[in-house]
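Given next are the chains, with one letter for each unit.
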Amino acid sequence: MAKHRGGQRVKKILLHIILISILGGAFSSCKTTKYLPEGERLYLGGKLEIKDAEKIKYKNELIRDLEEVNKPKPNEKLAGMRIGLWAYQKVESGEAGFYAKWVNKKIGEPPVLLGKVNTNNVKKLMKNRMENLGYFNSYIKHEVVENKNTGFIKFEIDPGNRLHIDSTHYEKVGEFKVDSLILDYLDTENPIKKGEPFSLEKLTSTRTKIAEYLKKQGYYYFTSNNLIFIADTLSTEEDNQAILQISIKDNASELALVPFVIKEIHVFPKYSLGTSEGGEALDTTVLNEVEFIQSEKFFRPDRLYPYLFMQEGEFFNPENESYTNKRLNSLKTYRFVNIRYVEDSTLENGRGQLTANIYLSPLSKRSFRSELQMVSKSNNFVGPALSFEYLNRNLFKGGEALSISTKIGYEAQLNSGNISTGLNSIETGVAAELIVPRMVTPFSIEEKFRYSIPKTKFKLSYDLLSRSQWFNLNSFLAVYGFEWNPNIFVSHNLNPISINYINIRNKSEAFEILLAGNPFLARSFEQQFIPGLSYSFQWSQLVRNIKRNRFFFSFNADFAGNALALAQNIGGVTGENKKFWGQSYAQFSRFDFDLRNYQDIGKESRLVSRIFMGIGLPYGNSVSLPYSKQYFSGGPNSVRAFRIRSLGPGSYQPEGQPDGTSFFDQAGDIKLEANLEYRFPLISFLKGAVFTDAGNVWLRNSDSRNGKFTSNWINEMAIGTGVGLRVDIDFFVVRLDVAAKVRKPGEDGFEWQDSFELGSKNWRQENINWNFGIGYPF
């Protein structure tokens, strides 16, 4: 009965929305023509009618280019209503309320009037666009159609036949090397193919690519403006065919046909505006024919030289300059990198001479920073933290960056806006990290990273976490690893050595009882020595706003205890619970995948989807993953309708435990999640969101919680939906999300929510969850 009433309420709400939209549309439509100037009509746009459109092979390309110049565009409609125009007119007439003023600020626009359309100009632009596509015999006529308060223009377009390419030829300029390079490019790349339609855009692109090709061969002054295409339509056997001739313009500069070589390279490792390039106070060190000029040894030449892609005696190549610039900018030592060329006034053997001056302006070598932060973690812990950091950006005069930091913080877990008194903690720690801007290995592999900037990372850290009413946790971490980015979209992180030792002391009686009731959980806390190897891969299109549909993908892999177990097996150590230096160590493999899609909708709205899959495989010395490596579900970056770590494993529900106790045993070896979120602007930096989340965690091996992963996993997915507000100030995002459970674990497994009793306090406390976070969830 309750389910039926809930369905009726939803139907009534939808019916009201539809009626309001229809009535509002009619009202808005009438109002937008009421305020038009006398004798004027609202412009509904230009309607294109293309003759024999169905017979045109590249019809979509033609329509796209014509619509681009079919201007002005009529007033925008939203759900059939010209809301922007309505709001503008309300404000201009002095009748606007708060809503109309807000809409006008966001999307308000003045009326587009039929009488203001310059049809002759539109027709000229359309004819120009058609000529750019090879329609040189087009014809356009127009008709103005006037209604009572509105009107539009009908354009009847006959594009005629399109010109096609018969062949492409290059007219030699007489410079043997230039001629041979251009002929080689045309023969190898074949940029303009026989039979393809004429396109000015394609010709322009071909000119640019030929110029770039010549520049890479040393032609420093050559540009695309030195090239010209001539189309011959009289010498072809068939109509609407053209022979393209590409040639170098007669007025091209003589220097454009001269190749330039790098005569000298001067590097200024500590450059400032007061630096004298030729002063006697500067010392010069020559390494591999490169001059390093500095008043003191600020940066070792042998460490700086590998960052240079340019070499003396080589032809000028903008790619080498770009790679040099990119590699030098990757150093944390420098604020600015500037490469300038000085041309020698004389030619040598028909070649120009360039001196490359590389100016490097450093940052302050040392810095000290303190921060007072309000921390929000993915596990819903929030609280203040104070941190201090010392940074040396050039420790051994080779770009090595040493960071020493310390922190102290207090945090408590928020559950639906309430602080869990049993889950507060104090965290302190100290860490030292050294980043070396090259590969530090027993053997040289620098050549493998010719086009990227490898970095070696050494890290030591100690953290103390004192969790109220539960335990004290000491964590030691040592890492030796590498980072490199083959391009701006891809990053790799490989840690061949990662040793984590966690020691738990001062366990409370409540925590001991919890462990005694769950042997698998107890085992996960026992194995806290984790020697291993880790690797992560990330591919992201978010670094550039180059298209409306972008993807993000990451893959992480952890391997623990395998090398140590192998060494012990070779050494004759056997048994199920092997130890190293008296400590039981973990042995497992762990993999997770994170795929996201960001689809822009309009100027500021975005639809974001995400799929996450993770699995941990304990084996050998382990029956379960260490607690710190297990998966959890629920919370502000997960399934937001459920409290942090309150889902799973499987359909497991803790019984008779006070709030917060299940914090420890609702974890698993397998995790699946899916999220869908629509983000849209509200006012200024205030954004809104509507989202749906689904997910859960499971175990690989059965225990008392009955949360093993089975073929029935799809029926054990929790689902929640909600809305959110975000204060987005570019570099800082504060987020508040509220979500309701749609599908949740019950006494007989998972069940759908049969009613939404928002008026009931008990129902809201049980089914609605508030999430506070810093940054977007994904």
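Right, let's walk through the structure included here. Predicted model only: the values in this text are computed from it and were never measured. (Residues numbered from 1 in each chain as written. Predicted model: local features only at pLDDT ≥ 70, side-chain atom pairs only at ≥ 80, totals over all residues. Heavy atoms only, no water.)

**A short note on the overall build of the protein**
(1) Moving on: Looking only at helices and strands, the protein has 13 helices and 30 strands in total.
(2) Moving on: When the 778 residues of the protein are sorted by exposure, 44% land in the buried category.
(3) Moving on: Summed over its atoms, the accessible surface of the protein is roughly 41300 Å², and 54% of this surface lies on carbon and sulfur atoms. (Helix = DSSP H or I, 4+ residues; strand = E, 2+ residues; numbered from the N terminus. Buried < 20%, exposed > 50% of the residue type's maximum accessible area, 1.4 Å probe, protein only. Areas by Shrake-Rupley, 256 points an atom, 1.4 Å probe, with all protein chains shown as cover.)

**Overview of the packing of helix H3 (residues 83-93) against helix H4 (residues 98-107)**
(1) Moving on: Relative orientation of the contacting elements H3 and H4 amounts to 120 degrees, with a least axis distance of 8 Å. With respect to each other, H3 and H4 are oriented oblique. Note that H3 runs across H4; the crossing there is left-handed. Seen from H3, the contacting residues are Ile83, Gly84, Trp86, Ala87, Tyr88, Lys90 and Val91; seen from H4, they are Tyr99, Ala100, Lys101, Val103, Asn104 and Ile107.
(2) Moving on: Split by residue class, the contact of H3 with H4 holds nine nonpolar, two polar and two charged. (Axes fitted to C-alpha atoms, helices over the stretch in contact; angles between N-to-C directions. Parallel < 35°, antiparallel > 145°, perpendicular 65-115°, else oblique. Left-handed = near helix turned anticlockwise from the far one by under 90°. Contact = heavy atoms within 4.5 Å. Nonpolar A, V, L, I, M, F, W, Y, C, P; charged D, E, K, R; others polar.)

**Section: the sheet that holds strand S1 (residues 42-50)**
(1) Moving on: Read from one edge of the open sheet, three strands run S1-S3-S2, paired in mixed fashion. On the outer flanks of this sheet lie S1 and strand S2 (139-146), each paired with one strand and no other. Between one strand axis and the next, the sheet turns through 20 degrees on average, direction left out of account.
(2) Moving on: Of the strand pairs in this sheet, S2 and strand S3 (residues 150-158) are connected by eight bridges, and their pairing is antiparallel. (Pairing = 2+ DSSP bridges.)

**Comments concerning the pairing of strand S27 (residues 718-728)**
(1) Moving on: In this structure, strand S26 (residues 686-698) lies alongside S27, joined through ten bridges in antiparallel fashion. Bridge pairing in S27 links Phe691 to Gly722.
(2) Moving on: Pairing of S27 with strand S28 (residues 733-746) involves ten bridges; the strand directions are antiparallel. Note that in S28 the partner of Gly722 across the bridge is Ala739.
(3) Moving on: What sits between the antiparallel neighbours S27 and S28 is a turn of four residues, in which Asp730 has the positive phi angle 60 degrees.

**A look at the packing of aromatic side chains**
(1) Moving on: If you walk through the whole model with that rule in mind, you get 30 aromatic pairs.
(2) Moving on: Plain terms: the ring middles of Tyr462 and Phe476 are 4.9 Å apart, the flat faces sit at 40 degrees to each other, and that makes the pair tilted. With Tyr462 in strand S16 (residues 455-467) and Phe476 in strand S17 (residues 471-484), this pair connects stretches of sequence that are 14 residues apart.
(3) Moving on: Taking relative accessible area as the criterion, Tyr462 reaches 26% and is therefore assigned partly exposed.
(4) Moving on: The partly exposed category is assigned to Phe476, whose relative accessible area is 40%.
(5) Moving on: Between Lys215 and the ring centre of Tyr220, over which it is positioned, the NZ or CZ distance is 5.9 Å.
(6) Moving on: Across the ring face of Phe612, the terminal group of Lys671 is positioned such that the distance to the ring centre comes to 5.3 Å. (Phe/Tyr/Trp six-rings, centres within 6.5 Å; stacked < 30°, edge-to-face > 60°. Lys NZ or Arg CZ within 6 Å of the ring centre and 35° of its normal.)

**A word on the nonpolar core**
(1) Moving on: Grouped together as the largest cluster of nonpolar side chains are 26 residues, with contacts concentrated most on Val267, Leu304, Leu328 and Ile358.
(2) Moving on: Mapped onto this core, the elements with two or more residues apiece are strand S7 (260-268), strand S9 (290-294), strand S10 (334-343) and strand S11 (352-362).
(3) Moving on: Contact partners of Leu328, with chain neighbours within four places excluded, come to Leu304, Tyr307, Leu308, Tyr334, Val337, Ile358 and Leu360. (Core = buried A, V, L, I, M, F, W, Y, C linked by side-chain atoms within 4.5 Å.)

**Comments concerning the sheet that holds strand S5 (residues 227-232)**
(1) Moving on: Taken in spatial order, the three strands of this open sheet run S4-S6-S5, and their pairing is mixed. In the strand order of this sheet, the two ends are held by strand S4 (164-170) and S5, each with one partner. Direction aside, the axes of adjacent strands within the sheet are offset by 25 degrees on average.
(2) Moving on: Bridging between S4 and strand S6 (residues 241-248) involves six bridges; their strand directions are parallel. From the neighbouring strand, Ser167 faces S6, where its bridge partner is Ile243.
(3) Moving on: Where helix H6 (residues 176-189) meets the sheet, its contacts fall on S4, S5 and S6, and the angle it forms with S4 comes to roughly 150 degrees.
(4) Moving on: Sheet strands touched by helix H7 (residues 200-216): S5 and S6. Its angle to S5, the strand with the most contacts, is close to 140 degrees.

**Digging into helix H10 (residues 509-516)**
(1) Moving on: For H10, the full list of buried residues reads Phe511, Leu514 and Leu515. The buried residues of H10 all sit within an arc of 95 degrees when viewed along its axis, so they share a single face. Exposed residues lying more than 90 degrees from the buried face of H10 are Glu509, Ile513 and Ala516. (Arc of directions from axis to C-beta.)

Just distances and angles here, no functional claims.
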